[in-house]
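Letter by letter, the chains look like this.
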Amino acid sequence: MSKVFINGTDFMNMVLSGANVLHSNVEKINSLNVFPVPDGDTGTNMNMTLTSGIEYIQSKSSDHIGEMAEAFSKGLLMGARGNSGVILSQLFRGFTKAVQERNEINVVQFAAALQQGVDTAYQAVVKPIEGTILTVAKESAKHALFISHQTDQVIELLEEVISEAKQSLARTPDLLPVLKQAGVVDSGGQGLVFIYQGFIEALKGNFHVDNEINHTDSQQITTNKPKPAQSSIATEDITHFYDMEFFIHLSKEVIFDESVLRKKLAEIGDSIVLIPDDDFVKVHVHSNSPGDVLNLTIRYGELTRLHIQNMRDQHREIVEEAGSIQENETFNEIDETSVEPNLEPKTFGMVTVSSGEGISDVFRSIGVDYVLFGGQTMNPSTEDLVKAVESIHAKYVFILPNNSNIILAAQQAKDLIEDKEVIVIPSKTIPQGLSAALALQDMNDSDENEKIMNQAIQDVHSGCVTIAIRDSQMNGISINEGDYLGIQENQIVTASNEIVDTSKELLKQMITPDNEMLTVFTGESVIVQHTDLLIQFVEEFYPDIEIEVIEGGQPIYDYIFSVE
Amino acid sequence: MTIQLVNEYGKIIMTSEVIATLAGSAALDCYGLVGMASRSQLKDGIAELLGRENLSRGVLIRQEGEQNDIHIDLYIIVSYGTKISEVAHNIQNKVKYVLNDLIGLEVHTVNIHVQGVRVSQ
């Protein structure tokens, strides 16, 4: 019974058992599937993915867990189906990375491997959708790390993992509104819980290939699990309380129009899911008048596999059960929060200086945390910068001064801040600052980011157009007060009394055959016709360049150009 | 290009920008996509701020054929180690579903152009 290490054979039994439990519950998982597309195939997809994983693992026979995990992970990747399948393959890809070199693993290593699986899975997505299998995996892995220091028994650890996974699953409707609306927990998350459940069965020695035993066993799990999520809703709030699901075997004589049926069903129910196939339509609907629903749908053909349930009834049971569960779980929750406060700082933050709402918006949209107002004539003080940095809850904060006059203040701010690492990227122009901000990647470490951001500054060419405030002579160009100056980087390269001419001349100097992109930030006082003339000019003379015009709204500079 | 829907009260006219943004947002919901890429196949630059506001830049909407069918091209970057064909398939599925669900638009084709792979570590 008691187990301290898992080896390759154990692992194989675990995944076989996990796949088995999942297989017995495919329909249950399918019926929960409302996100990302409510096509009721999550269970099927996960099952196919696992089946492929098992094919690969069964072709191997080794006590080396690293080798077995690798085979399984490869199989999952090859057979990945659907979002949940791809996520599953990533979870085990990370898991495999962690155990690759090992013959067997103990609880600490097991928990670490679960965590690495989660890390890998999260890296593969731009916008993790919380309230899905990702969340369930994340929260249970985190709990595993915590528990792994308190026990050396794998079974005990897994029990804790499953209990946390179930709680996490129960919370998914609070994270993903579409789940709440449909009154279900996440289907992929449910699938993961089944897999974990299979793991523990195998370790306890309860794993038989006999489907029936596992089936009843997991059936019981199914009915208990998703419920606490719904206990936050009063029973009476369930307005349409008959949950109906069935198939219409479409009759040849009747023309089936999905939108018509949908509209009619909407009049007498909600949470409608219609999945038409060639000659079948799967119907899911919540309604108070099940008879009307049946009368309405029977016109299209024969109805099969009817399930009608009273959700208020179900709900009453849930609420009662949830009450008793909660008492047991309060201990764990308090314990956990005291160890790991939720306010973990993020890794990277950015502060930048900009003038003009348009430009500031662009900075914010690419993830800059704090945009200070400032520029040529109004520089933020060291204190302003310190305050900005302090307001960001991050381990490392990058300052992008975007002006040579502010770099020094930024350096000083860096020396004044003690509780976080401040890195100044010496950007001298707005385009440089934008390039640097875009280059920041969460997955890199701070040194790497600093290097990349500094490189980004080199790669962009900045230019601007502004008005001369006095007569002068510079670089052999004579300038009169009121002339428009074309400035490339920080050098005046051209001047004339006409804004379009100056801008054209400046662009001619800036653009080289290697460039592919021109971004124009228009100042607050720019006239639209001038901009149009300028764009026409660029389109005509540089047909290969892509142009983007952004209303920067900056004062002083009529145009800021960025050429890449 | 605009899309017109007619009902008993009048017309609803939507620009392709709207559709592009919806399609882009829907794609972002899919696992495995780590970014939208420039559709011009130029190197990404400042103009390619593919944050939420600009994600439609990686999306191209075309109306072609006799039926004026809607074709969508999505230019994406995926994560290394995912099954690219499946990630793409999930996105096609999701985009088609969302457009049908939100604006009743039947999309004819959703083409996925994988413009890059992000390799981390």
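Nothing here was measured: the structure is a model prediction, and the numbers come from that model.

Student: Pulling in residues and values, what's your account of helix H20 (residues 499-510) of chain A?
Tutor: All names here are of chain A. Helix length check: H20 (12 residues) gives 16 Å between terminal C-alpha atoms against 16 Å at 1.5 Å per residue, within 8%. Of all the positions in H20, only Ile 499, Val 500, Thr 502, Ser 503, Leu 506, Leu 507 and Met 510 are classed as buried. Each buried residue of H20 sits inside an arc of 160° when the element is viewed along its axis, so together they form one side. The N-cap of H20, judged by a side-chain oxygen 3.1 Å from the amide nitrogen of Val 500 a few residues on, is Glu 498.

Student: Summarise the packing of helix H12 (residues 258-268) of chain A against helix H13 (residues 290-298) of chain A; cite the residues concerned and give the values.
Tutor: When two helices pack together, their arrangement is given by the angle between the helix axes and by the axis-to-axis distance. Residues and elements named next belong to chain A. Relative to each other, H12 and H13 sit at 170°, their axes nearing to 10 Å. In terms of their interaxial angle, H12 and H13 are classed as roughly antiparallel. Across the interface between the two elements, Leu 261, Lys 264, Leu 265 and Ile 268 of H12 pack against Asp 292, Val 293, Leu 296 and Thr 297 of H13. For the contact of H12 with H13, the residue count by class is 5 nonpolar, 1 polar and 2 charged.

Student: I'd love a proper account of the interface of chain A and chain B, names of residues and values included.
Tutor: On the side of chain B, 35 residues touch chain A, which itself brings 44 residues to the contact. At the junction of chain A and chain B, the tally comes to 1 salt bridge. Where Asp 29 of chain B meets Lys 127 of chain A, a salt bridge forms, and the shortest distance between an N and an O atom there is 2.9 Å. Taken together, the links from chain A to chain B amount to 11 residue pairs in polar contact (both at pLDDT 80 or more). Elements with a minimum of two residues in the side of chain A that touches chain B: helix H4 (65-79), helix H5 (82-99), helix H6 (107-123), helix H15 (357-365), helix H18 (430-439), strand S16 (517-523) and strand S17 (546-554) of chain A. No other element matches H5 of chain A, which puts 7 residues into the side of chain A that touches chain B. Residues belonging to the side of chain A that touches chain B are distributed by class as follows: 25 nonpolar, 10 polar and 9 charged.

Student: Could you give me a rundown of the sheet that holds strand S6 (residues 301-310) of chain A, with the residues and numbers involved?
Tutor: All names here are of chain A. Read across the open sheet, the 4 strands follow the order S4-S5-S3-S6; overall the sheet is antiparallel. A single partner strand is all that each edge strand has here, and the edge strands are strand S4 (269-276) and S6. Taking each pair of neighbouring strands and ignoring which way they run, the sheet shows an average axis angle of 10°. By the bridge criterion, 8 bridges tie strand S3 (residues 242-250) to strand S5 (residues 280-287) in an arrangement that is antiparallel. Residue pairing in the sheet places Asp 243 in a bridge with His 286 of S5. The strands touched by H12 within the sheet are S3, S4 and S5, with S4 carrying the most contacts at an inclination of about 160°. Where H13 meets the sheet, it contacts S3, S5 and S6, and its direction lies at approximately 10° from that of S3.

What counts and what doesn't
Residues numbered from 1 in each chain as written. Chains lettered and ligands numbered in written order. Predicted model: local features only at pLDDT ≥ 70, side-chain atom pairs only at ≥ 80, totals over all residues. Heavy atoms only, no water. Helix = DSSP H or I, 4+ residues; strand = E, 2+ residues; numbered from the N terminus. Expected span 1.5 Å × (residues − 1). Buried < 20%, exposed > 50% of the residue type's maximum accessible area, 1.4 Å probe, protein only. Arc of directions from axis to C-beta. Polar contact = N/O pair within 3.5 Å; in protein donor to acceptor, adjacent residues only side chain to side chain. Axes fitted to C-alpha atoms, helices over the stretch in contact; angles between N-to-C directions. Parallel < 35°, antiparallel > 145°, perpendicular 65-115°, else oblique. Contact = heavy atoms within 4.5 Å. Nonpolar A, V, L, I, M, F, W, Y, C, P; charged D, E, K, R; others polar. Salt bridge = Lys/Arg side-chain N within 4 Å of Asp/Glu carboxyl O. Pairing = 2+ DSSP bridges.

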